[in-house]
Amino acid sequence: PGKRSWFLFVKGMATKKPAALPGVPSTSSPPPFTTGGSAPQYSKDAADPKAKGRDYRRHEQHEDDDEIDYFDEQGQRLPEHTNAPGEWQIVQGHTFSADDVKLLYLLSLYTNPAGDNNEKEGWIRSTPLMVLVYECICRDVLDFDYAPASLAVAQEGKPSRRMFLNITQEGKSAIDFLRDAGFVNSLKLSSEDFNTVTAFQVSREGLKWLANIEPVMKNLVEEAVSAPRPHPPELLQVSFNGSIFILRAESGYERPSKITEPEAVSYVSSPYLPTSLRKADKIMSTNAHRAGESAQGESTIRDVLSEALHLAGVHLLVGEWIPFGANQIVALNERLGAMDRCKGGLFTAIVDENPTNTQFQLPAGLTQVSILDYDLVHCINFEADINYPEEEGIVQVENFGIHLNVDGTVLYGLKIESIMDRMGDDVSLDLLSRLSVDIHQDSSTIINDLLSGYQRSLLQMIFLGDMSQRSKYNVVMATSMDPRLPAGEYLDRDKFENELKQVVGDVLGVHDIGYDDLLIIGREGMIYAGPNSKRHEPLLLSFLSLLVKEIFIRQFFHRIFIVDSQLKKVRAMIGNHEKDPNSVTQVRSWLNEASSDIIYLNEVNAYINESLAIMAVPSRPDDAVGVSLYEVLDLKSMHQDVVMRMTDMGKLVEGAGQELQNLSQMTDVINTKQLEDIFRSIEANTKFLVDASASQDRASASLEVIQVVLAASFAFDVIDRLSGGTLNVEPPWWLQQWIVEPIIDGVPFLWFLLNLLWSGGVCWGVMMMMRF
């Protein structure tokens, strides 16, 4: 796999067609294949399967098409495949398209089932697979739509990072179909930070089925995922450097992928907040008169959109939960100047580090806040005018209505006046998905400027330092959806469901509410389409409030497991501290971090429990539509479930605190033991030094005695030599006259005493000399 055995020629010239820029496809996709006569051939007049969509790509990126032929190594022209499926493509009543076949072949290039027990199996993780599929889409090899979606991207040795990636829901659906047919195997595993990782592998049945694939299909896929000429035709490997994905080959070729660059669209919005949240009747501003400006703007869309669903009268609410309390709301009201004569103004989170200077400069992109109404302790409502710089040609009139509640629920609301050349009565889900990404990113920037340092610390701890990419929940309210079908028909596992996933994530349920309304609930959002959408806002807001708490609790639970994992590592290091005594320093550092995290977790736990305690579940409506919606949402059961989860969460936090206390005590025991070992070592060393000192003293005394003896012997030898002694000479006359006769012969023992005195004096002199 990964080696190309084909040659590519452009008719009329022996050079390859210039490759499109990385991530920027050619505007004219290869036309579909049709059968004509006895041999299949291109049909440039065939209908483009995306003809119903709209092309929002920049015109300067368009390039002319060339007719391309493929040849094998013998120079024989390879036949072109057709869009008409063969009998082998119909499996279990489902017809697999050419894109499904190419996707499975792509999997076969990177994966393989084990041939026997001694062979290792090859798998590919879902995120790198999505990167490769995106590259194939950009090079017109796969005809799938894509839209930005928030995913947690695993990093080696670091916490996972949540990012917006251009994910194809049609491609994911195709993988599901292939799995249902038994052509693809799936594997679930966990990363080091407890995020679920899905991996895929082509099965043996899939490899057998691929034996029918046309050679030209293989060539198209291999060209898209291999290094271009003049590099060797090696498969590209996907790696992540913390901010972008890079495609690399062993030969050294590499290029970045644009999957991490969400496409921007031009749009006009007006601030919006539900009337049930308002405290006064102040009219909100509107930009309806500027709706035509978006049609004059451009977009960074790199594909031709295939649109299946459209909404009219769209109001978008984006919700999240942030730890708030009464004091935080009061402080925010004061900071925004809600009680001042001139309310609101421009705000930023930048700290003034040089307050004594006359002037200062700030980067472009401030937020204009206009206060609507407030309750000093419970909430505040205001409009935010976004002034962030955009790419050249992008027109975004971006106004939010923002509601901050004492229970921590934060809502960003806007009415969509227009997107690109679409007015508010014809909003496609493809464009809406790209707009919602921009709202998610800008809303994080706005609220970060308004939060206190303490709140930012809590969020940074919960989201592992990546608070700007935290998850939010979308509530789309519309007056109608086109086409309006029975609820069950939207779950077609095809174009309708795939488009819904672009906005709401995995679809959990679709319900008809009365005769006119439709409710679609997903993992990341919900859509309520119908004339009664505004009438039942309180129910939808309560549901949103519970869901954003549930999303935060999900991350909270994940964060507890990370702390618990860290504490387990600390326990293991404590158990091996004797082998590596220097690990105690690392243990102390990790315990300090865990202690700080657990303190924050306890505080966040208290905030969530307080939020659930003050939340009132709406009562059952009286009208039939409201009753139907109330029963579908089942707010009371959902509230009880969230309370139950928080009760369990409290046990986990308490258990982590007790484990921390236990490990701290174990560390104290280790510190005490190490201190005792040090004292024992000092005592042993001191005893050794005392013994050595005593031995040295004894040796010194012996040496001194020897020195005295030698000095005395020297003194006696001097007297002996003075009297002639052993020199064999005649004693002098003075010796006989002055010493022998009067001292030696005259007084017994006097000469002996005089010798002793002489030797003692010599010894004393020697000792005095040695001491100096």
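Predicted model, so just to flag it, every value in this text is computed and none were measured.

1. Overview of the overall build of the protein chain
And then number 1: Secondary structure summary: the protein chain contains 16 helices and 32 strands in total.
And then number 2: Looking at the protein chain as a whole, 48% of its 772 residues qualify as buried.
And then number 3: A sequence separation of at least 24 residues applies to 71% of the contacts in the protein chain between residues at least 6 apart.
And then number 4: Surface exposure of the protein chain reaches about 38,300 Å², of which carbon and sulfur atoms provide 54%.

2. Looking at the environment of Glu537
And then number 1: Tracing the backbone through its elements, the reader meets Glu537 in helix α11 (residues 537-575).
And then number 2: Excluding anything up to four places from it in sequence, Glu537 contacts Tyr272, Pro274, Thr275 and Met477.

3. What about unusual backbone geometry?
And then number 1: Of note, the amide linkage connecting Arg229 to Pro230 takes the cis form, showing an omega dihedral of 10°.
And then number 2: Residue Pro483 is bonded to the preceding Asp482 through a cis peptide linkage, with omega at 0°.
And then number 3: Its place among the elements puts Pro483 in the loop between β29 (480-482) and α10 (495-504).
And then number 4: One non-glycine residue, Arg493, adopts positive backbone phi at about 55°.
And then number 5: Among the secondary structure elements, Arg493 is positioned in the loop between β29 and α10.
And then number 6: Phi is positive for Asp634, close to 50°, though the residue is something other than glycine.
And then number 7: Along the chain, Asp634 falls in the loop between α13 (624-633) and α14 (635-722).
And then number 8: For Asp634, a relative accessible area of 37% gives the class partly exposed.

4. Some details on the sheet that holds strand β15 (residues 254-256)
By way of backbone hydrogen bonds, the strands of a sheet pair with one another, either parallel or antiparallel.
And then number 1: Across the sheet, which stays open at both edges, the three strands sit in the order β13-β14-β15 with antiparallel pairing between neighbours. The outermost strands of the open sheet, each flanked by one partner alone, are β13 (237-240) and β15. Strand after strand, the sheet turns through a mean of 25° between neighbouring axes, direction not considered.
And then number 2: Bridging between β13 and strand β14 (residues 245-248) involves four bridges; their strand directions are antiparallel. Note on β14: the bridge partner recorded for Gln237 is Arg248.
And then number 3: Sheet contacts for helix α2 (residues 126-138): β13, β14 and β15; angle to β14, the most-contacted strand, approximately 75°.

5. Considerations on the packing of helix α1 (residues 98-110) against α2
And then number 1: Running from N to C, α1 and α2 point in directions that differ by 130°, and their axes come no closer than 11 Å. As judged from the angle between their axes, α1 and α2 are oblique. Here α1 runs over α2; the crossing is right-handed. Along its contact with α1, which presents Leu103, Leu106, Leu107 and Tyr110, the element α2 presents Leu129, Leu132, Val133 and Cys136.
And then number 2: Looking at the contact of α1 with α2 residue by residue, the classes come out as eight nonpolar, no polar and no charged.

6. Comments concerning the sheet that holds strand β12 (residues 196-202)
And then number 1: Spatial strand order, β8-β12-β11: three strands in an open sheet with antiparallel pairing. Each end of this open sheet is capped by a strand with a single partner; those strands are β8 (124-125) and β11 (184-190).
And then number 2: Taken together, the seven bridges between β11 and β12 define a ladder with antiparallel strand orientation. Bridge pairing links Lys188 to Thr198 in β12.
And then number 3: Strands β8, β11 and β12 of the sheet are contacted by α1, whose axis makes an angle of about 100° with β12.

7. Things to note about the pattern of salt bridges
Two side chains bearing opposite charge may form a pair once their charged atoms approach each other closely.
And then number 1: Tallied over the full model, the rule gives 24 salt bridges.
And then number 2: Across the salt bridge formed by Arg535 and Asp623, the nearest N and O atoms sit 3.8 Å from each other. Placement of the pair is Arg535 in the loop between β32 (525-529) and α11 and Asp623 in the loop between α12 (583-614) and α13, with a sequence separation of 88 residues.
And then number 3: The shortest N-O distance in the salt bridge between Glu631 and Arg620 comes to 2.9 Å. One end of the pair, Glu631, is in helix α13; the other, Arg620, is in the loop between α12 and α13, and eleven residues separate them in sequence.
And then number 4: Using a relative accessible area of 47% as the deciding quantity, one classes Glu631 as partly exposed.
And then number 5: Among the residues examined, Arg620 registers a relative accessible area of 46% and is labelled partly exposed.
And then number 6: Each of Glu307, Asp421, Arg422 and Asp426 takes part in one network of salt bridges that share partners.

8. Structural notes on the side chain of Glu398
And then number 1: Looking at the element boundaries, Glu398 is found in the loop between β23 (396-397) and β24 (399-405).
And then number 2: Among all residues touching Glu398, those that are not within four sequence positions of it are Tyr267, Ser269, Ala384, Asp385, Ile386, Glu390, Asp438, Ile439 and Asp442.

9. With respect to the nonpolar core
And then number 1: Of all hydrophobic cores here, the largest spans 120 residues; its most connected members are Leu404, Tyr473, Met481, Ile527 and Leu633.
And then number 2: Element by element, the count of residues in this core is highest for α11, at 17 residues.
And then number 3: Discounting residues that sit within four places of it in the chain, Leu404 has contacts with Phe324, Ile329, Leu332, His378, Cys379, Ile380, Phe382, Thr409, Val410 and Ile447.
And then number 4: Listed in part, the 55 residues of the second largest apolar core include Ala98, Leu104, Ile124 and Cys136.

10. Things to note about the confidence of the model for the protein chain
Detailed reading of the predicted coordinates is not advisable wherever pLDDT falls low.
And then number 1: Per-chain confidence: the protein chain averages 81 in pLDDT, with 85% of residues scoring 70 or above.
And then number 2: Counted against residues more than four places away or in other chains, residues 58-74, with its pLDDT under 50, gives 64 contacts.
And then number 3: This stretch, residues 76-82, has a pLDDT under 50; its non-local contacts, to residues over four places away or in other chains, come to 31 contacts.

11. Observations regarding the packing of aromatic side chains
And then number 1: Taken as a whole and assessed by the stated rule, the structure comprises ten aromatic pairs.
And then number 2: Ring geometry for Phe240 against Phe245: centres 4.7 Å apart, planes inclined by 40°, an arrangement best described as tilted.
And then number 3: Relative to Phe552, the ring of Phe463 lies with its centre 5.9 Å away and its plane at 75°, an arrangement referred to as edge-to-face. Of this pair, Phe463 sits in the loop between α9 (453-462) and β28 (473-478) while Phe552 is found in helix α11, placing the two residues 89 residues apart along the sequence.
And then number 4: For Phe463, a relative accessible area of 14% corresponds to the buried category.

12. A word on the pairing of strand β22 (residues 379-386)
And then number 1: Burial runs high along β22: seven of the eight residues are buried.
And then number 2: Alignment of strand β21 (residues 367-375) against β22, held across eight bridges, turns out to be antiparallel. The residue of β22 that forms the bridge with Ser370 is Glu383.

13. What about the packing of α9 against α11?
And then number 1: Close contact between α9 and α11 brings their axes to 9 Å; oriented N to C, the two are set at 65°. With respect to α11, the element α9 is oriented roughly perpendicular. On α11, the residues touching Leu459, Met461 and Ile462 of α9 are Phe552, Gln555, Phe556 and Arg559.
And then number 2: A class-by-class count of the residues in the contact of α9 with α11 yields five nonpolar, one polar and one charged.

14. Some details on the environment of Val202
And then number 1: The topology assignment puts Val202 in strand β12.
And then number 2: Measuring from C-alpha to C-alpha, the distance between Val202 and Ile124 comes to 9.6 Å, with 78 residues separating the pair along the chain.
And then number 3: Each residue touching Val202, except ones within four places of it in the same chain, is listed here: Leu104, Leu107, Ser108, Thr111, Pro113, Phe183, Asn185 and Leu207.

15. A closer look at a nonpolar patch on the surface
And then number 1: A contiguous nonpolar surface patch, about 510 Å² in accessible area, is contributed by Phe716, Phe749, Phe752, Leu753 and Leu756.
And then number 2: In terms of residue count, the dominant contributor to the nonpolar patch is helix α16 (residues 750-771) (three residues).
And then number 3: Relative to the assigned elements, Leu756 resides in helix α16.
And then number 4: Classification of Leu756 by relative accessible area gives partly exposed; the value is 37%.

Reading the values: rules and limits
- Residues numbered from 1 in each chain as written.
- Predicted model: local features only at pLDDT ≥ 70, side-chain atom pairs only at ≥ 80, totals over all residues.
- Heavy atoms only, no water.
- Helix = DSSP H or I, 4+ residues; strand = E, 2+ residues; numbered from the N terminus.
- Buried < 20%, exposed > 50% of the residue type's maximum accessible area, 1.4 Å probe, protein only.
- Contact = heavy atoms within 4.5 Å.
- Areas by Shrake-Rupley, 256 points an atom, 1.4 Å probe, with all protein chains shown as cover.
- Pairing = 2+ DSSP bridges.
- Axes fitted to C-alpha atoms, helices over the stretch in contact; angles between N-to-C directions.
- Parallel < 35°, antiparallel > 145°, perpendicular 65-115°, else oblique.
- Left-handed = near helix turned anticlockwise from the far one by under 90°.
- Nonpolar A, V, L, I, M, F, W, Y, C, P; charged D, E, K, R; others polar.
- Salt bridge = Lys/Arg side-chain N within 4 Å of Asp/Glu carboxyl O.
- Core = buried A, V, L, I, M, F, W, Y, C linked by side-chain atoms within 4.5 Å.
- pLDDT = per-residue confidence, 0-100.
- Phe/Tyr/Trp six-rings, centres within 6.5 Å; stacked < 30°, edge-to-face > 60°.
- Patch = residues over 30% accessible without salt bridge, like charges linked within 9 Å, V, L, I, M, F, W, Y side chains within 5 Å.

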